Amino acid sequence: MTEAPAGTAWNTVAGHPFELFFGYRDQAAFASQVQQLVADRFASRMAARDHTLWGPAAEDESAKRLGWVDLSTTSRPLVAEITALRDQLHGQGLTRVVLCGMGGSSLAPEVICGAAGVELDVLDSSDPDFVRTAIDHDLAHTVVVVSSKSGGTVETDSQRRAYEKAFADAGIDARERIVVVTDPGSPLDSSATEAGYRVFRADPSVGGRFSALTAFGLVPSGLAGADIGALLDEAESIRPALAEDSVDNPGLRLGALLGVANLHGVDKLVLCNADAPYAGFGDWAEQLIAESTGKDGKGVLPVIVESPTSPNFSPSSADEVLGSFGPGWLFDDVRTKSGWGVSVDAPLGAQMLLWEVATAVCGAIIGINPFDQPDVESAKAASRGLLEGGGAQPEPVFSDGAVTVYASPGWLGTEVTTVHDAITELLAGLDPTHGYVAVQAYLDRHRDGALAGVRATIAEATERPVTFGWGPRFLHSTGQYHKGGPGTGVYLQVTSQPERDLAVPDRPFTFHEFLIAQAVGDGQVLAEKGRPVLRLHLDSPADLDAVRQALQ
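Note that the coordinates shown come from a computational prediction; the quantities given were computed from them, not determined experimentally.

**A look at the side chain of S310**
Note on placement: S310 falls in the loop between strand 9 (301-304) and strand 10 (320-325). Here S310 falls in the buried class, since its relative accessible area comes to 6%. Of the polar contacts made by the side chain of S310, one reaches the side chain of E306; its length is 3.1 Å. For S310, the side chain forms a polar contact with the main-chain nitrogen of S307, separated by 3.0 Å. With near-sequence residues (within four places) excluded, S310 lies in contact with V305 and R455.

**Some remarks on the pattern of salt bridges**
This structure, assessed with the given rule, holds 34 salt bridges. Its salt-bridge partner being R473, residue E110 comes within 2.6 Å of it at the nearest N-O pair. Here R473 lies in the loop between strand 15 (466-470) and helix 18 (479-484) and E110 lies in helix 6 (residues 104-116), a separation of 363 residues in the sequence. Given a relative accessible area of 24%, E110 falls into the partly exposed group. You can call R473 buried: its relative accessible area is 11%. A salt bridge links K529 to D375; its shortest N-O distance comes to 3.5 Å. Taken together, the residues span a long stretch of sequence, with K529 in the loop between helix 19 (511-528) and strand 17 (533-538) and D375 in the loop between helix 14 (348-366) and helix 15 (376-387) at a distance of 154 residues. Overall, the relative accessible area of 36% leaves K529 in the partly exposed class. Overall, the relative accessible area of 13% leaves D375 in the buried class. The network of salt bridges with common partners includes E110, D124, D283, R445 and R473.

**Topic: the environment of L123**
Assignment of secondary structure puts L123 in strand 4 (residues 121-123). Overall, L123 belongs to the buried group, its relative accessible area being 1%. Sequence spacing of L123 and E244 is 121 residues, and the spatial spacing of their C-alpha atoms is 39 Å. When sequence neighbours within four positions are dropped, the list of residues in contact with L123 reads V98, L99, C100, G101, F130, V131, A134, Q159 and Y163.

**Regarding unusual backbone geometry**
Outside of glycine, negative phi angles account for most residues, and trans bonds account for most peptide bonds. Following S314, the chain continues into P315 via a peptide bond in cis, with omega recorded as 5°. With respect to the helices and strands, the residue P315 is situated in the loop between strand 9 and strand 10. Of note, the bond from G471 into P472 is cis; its omega dihedral lies within 30 degrees of zero at 5°. Despite not being glycine, D138 has its phi angle at roughly 50°, a positive value. A relative accessible area of 31% places D138 in the partly exposed class. In this model, D296 sits at a positive phi of 55°, which is unusual for a non-glycine residue. Structurally, the position occupied by D296 is in the loop between helix 13 (281-293) and strand 9.

**Let's talk about the packing of aromatic side chains**
The final tally for this structure, using the stated rule, is 21 aromatic pairs. Ring centres 5.4 Å apart and planes at 75° place the aromatic pair F21 and W329 in the edge-to-face group. Of this pair, F21 sits in strand 2 (residues 18-23) while W329 sits in the loop between strand 10 and strand 11 (341-345), and the two are 308 residues apart along the sequence. For F21, a relative accessible area of 29% puts it in the partly exposed group. Exposure remark for W329: the relative accessible area of 43% places this residue in the partly exposed category. A centroid spacing of 5.0 Å and a plane angle of 85° characterise the contact between W54 and F371, whose relative ring orientation is edge-to-face. You can see W54 sitting in the loop between helix 2 (42-47) and helix 3 (59-62) and its partner F371 sitting in the loop between helix 14 and helix 15, a full 317 residues away along the chain. For the pair shown, W54 and F371 are each scored as buried. Through pairs of rings, three or more aromatic residues link up here, namely F42, W54, W68, F210 and F371.

**A look at the packing of helix 12 (residues 250-263) against helix 14**
Where helix 12 contacts helix 14, the axes come no closer than 7 Å and their chain directions differ by 40°. Considering their axes alone, helix 12 and helix 14 lie oblique with respect to each other. You can see that helix 12 and helix 14 cross each other, and the crossing is right-handed. Counting all contacts with helix 12, which are made through P250, G251, L252, L254, G255, A256, L258, G259, V260, N262 and L263, the residues of helix 14 involved are L354, W355, V357, A358, V361, C362, I365 and I366. Class assignment for the residues of the contact of helix 12 with helix 14 results in 15 nonpolar, four polar and no charged.

**Focus on the pairing of strand 6 (residues 178-182)**
Within strand 6, five of the five residues are buried, leaving the element largely enclosed by the surrounding structure. Covered by surrounding structure in strand 6 are I178, V180 and T182 together with V179 and V181, the residues of both alternating faces. Strand direction decides the pairing type here: strand 5 (residues 142-148) and strand 6, joined by five bridges, are parallel. Residue S148 lies in a different strand from strand 6, and its bridge partner there is T182. Crossover handedness for the path strand 5 to helix 8 (residues 154-169) to strand 6: right-handed. Pairing geometry for strand 6 and strand 7 (residues 198-201), over four bridges, is parallel.

**Here we look at helix 9 (residues 187-195)**
Residues of helix 9 that are buried include every one of L188, D189 and A192, and no others. Summarising the axial view, the buried residues of helix 9 lie within an arc of 100°, below the 170-degree limit, and thus occupy one face. Looking at helix 9, the residues exposed on the side facing more than 90 degrees away from the buried face are P187 and E194. One or two residues past the end of helix 9 sits G196, with phi positive at roughly 90°.

Calculation notes
Residues numbered from 1 in each chain as written. Predicted model: local features only at pLDDT ≥ 70, side-chain atom pairs only at ≥ 80, totals over all residues. Heavy atoms only, no water. Helix = DSSP H or I, 4+ residues; strand = E, 2+ residues; numbered from the N terminus. Buried < 20%, exposed > 50% of the residue type's maximum accessible area, 1.4 Å probe, protein only. Polar contact = N/O pair within 3.5 Å; in protein donor to acceptor, adjacent residues only side chain to side chain. Contact = heavy atoms within 4.5 Å. Salt bridge = Lys/Arg side-chain N within 4 Å of Asp/Glu carboxyl O. Phe/Tyr/Trp six-rings, centres within 6.5 Å; stacked < 30°, edge-to-face > 60°. Axes fitted to C-alpha atoms, helices over the stretch in contact; angles between N-to-C directions. Parallel < 35°, antiparallel > 145°, perpendicular 65-115°, else oblique. Left-handed = near helix turned anticlockwise from the far one by under 90°. Nonpolar A, V, L, I, M, F, W, Y, C, P; charged D, E, K, R; others polar. Pairing = 2+ DSSP bridges. Right-handed = clockwise from strand over helix to strand, strands pointing away. Arc of directions from axis to C-beta.

So, in C-alpha cells, the structure goes:
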C-alpha cells in the first residue's frame, strides 16, 4: 500500500477545476482504500483502458466499454461537424430540436441543454398523450434526433415511426428533418442510411450511461445550441487529475467514499443541488450510478431530492450518504446521520467525467461489473411477451372509485378494499433500517408533473429513502438497481387510461398498450424476485388527485 504524504487532508481535495469536501464515519478505512487504489495504479491503468480492473468475470464487457475515459479529446472532431449541421438547419428555419431517446441517450443532452439555457424537447416516453403533444407542436420548424445505441430500443423506434408518419401527413420530406445517432452497424444504422437520413455513428466502445461526451450527448445538444466545445474543454481540464495515481485524485476519493460507505452498510446516495447552474445533473447521475452498481444483490441507490430541506436530506437516515453538487455549501445546517457525506463542485463537463470515474472505482470496491446491465433485458422480454399475447394479464384485486388496484402476490391482505389502506399496507412492509420506496409513474411527466411531490410526502411519513421515476424513462436508469440490487425496496406504480390513444405506425400495438405492457412486465419481474408491487390504475388522468389524496 502507498503511504499518503504527511499532512494529507482527507476531508478535502481541490485543484483545477474542482473542489470536494468529504465526511466519513471511519477515516482510517477511507484513507486506506484510497491508498490501496493508488498502490494498485488504478487511475493510470483505467486511463490506459486496462479491462482487468474489475475481475475476470467482468473482462469481456469491460474490454469493450472503456472508450469514455478520453472522450474529451476523441470527440473533438464532432464539434465542427455538428455546428455546421446546426447552421444548415437554422438556415432552413428548423430551430426546434426534439430528441427521441431513452436512458443515456436522453438524460445527458437534457442536463447539457438545461445548463446552457437552450431549448431541447426530450421525448423519452411511451405515453400517448405525451408523444402526441410533442408531435403536434410546431412540426413546421422541427428537426428530430433519433438516438439509440442498439438501434432496437422499442420506445425510440415507436417515436421515430410516429414522427415519420407526421412528416408524411404534412407533406414534409423526413430526410430533411430526421438525424440519427447510433452505433456503427446497428439495425438503425442500416435502415437510416437506406432511408437517406443524416447518420452520426457513435463510438461503440462506450456504454450508454457513459456516453454523455459521445455523439449521443453532443449531437442533440449541439443542434439545440449548447456550446459543446466548451463542455469538452471542461472535461479535458479535469482529465489529467483523474488519471493520476495520487491520493489527491478526486475520482479515487469520491469513488472510495461511495464504495467504503457501501461496505459499511450505507448504500443510498442522496443528491441535492447546491446552487449549480446544471439543476438536472441529479437525474443524469442517478442513471449512471444506479444502472452501473445495482446488480448481484449490491449497489448504490441514488435518491434525488428537491432541496436541502427535503426529507431524506434533512432529516436523513443512517444508510444514506449525503451528497451535493455545485458551489453552494449545505452542511452548516445539515448533519449526516450516517456520518458519510460529500460536496462536489466543478463545471458540468468535469462533473460528468469525475462521476463516471468515481462510479467505476466504486464498482471495483464493492465487487461488481459497472459496465453491464444484466436485469434490464428481463423487463423488456416480459413486455414483449405481453404485447405478443404470450404473458398472463394481471387480474385486479379491487376497485376504489376511479382507481383499479393490482398487487403482486403474497403481501396484500384480502380485507383491504381502499387505495389508502393498500398504500398503508405496502409501506408497512418496509425494512426499517435498509428499506426504500420507489414510486414509478407511467404518465405524462409534463401534464402530471405535480405527482412528483409525493416523493417528499412518503419520505416524511416513512422516514425512509424514497425515489420517484417517470416510466418508462426510469427503466433505463434505476430499473436495473430495483431488479438487480439489494432486495429492500417496495414499489408503487401509477398508470392511467390516456386522454386519447395513439397508434404506432406499422406495429400491432398502440402507444398505450405498449406503455401498460412495460409497467406490467417490469412489475412481474420485480414480483418474481420477491419485491412487493402495488399498481394503481386510473380511469383517466383527471383522476390523479385520488392518488395524491390517498397518500396524505
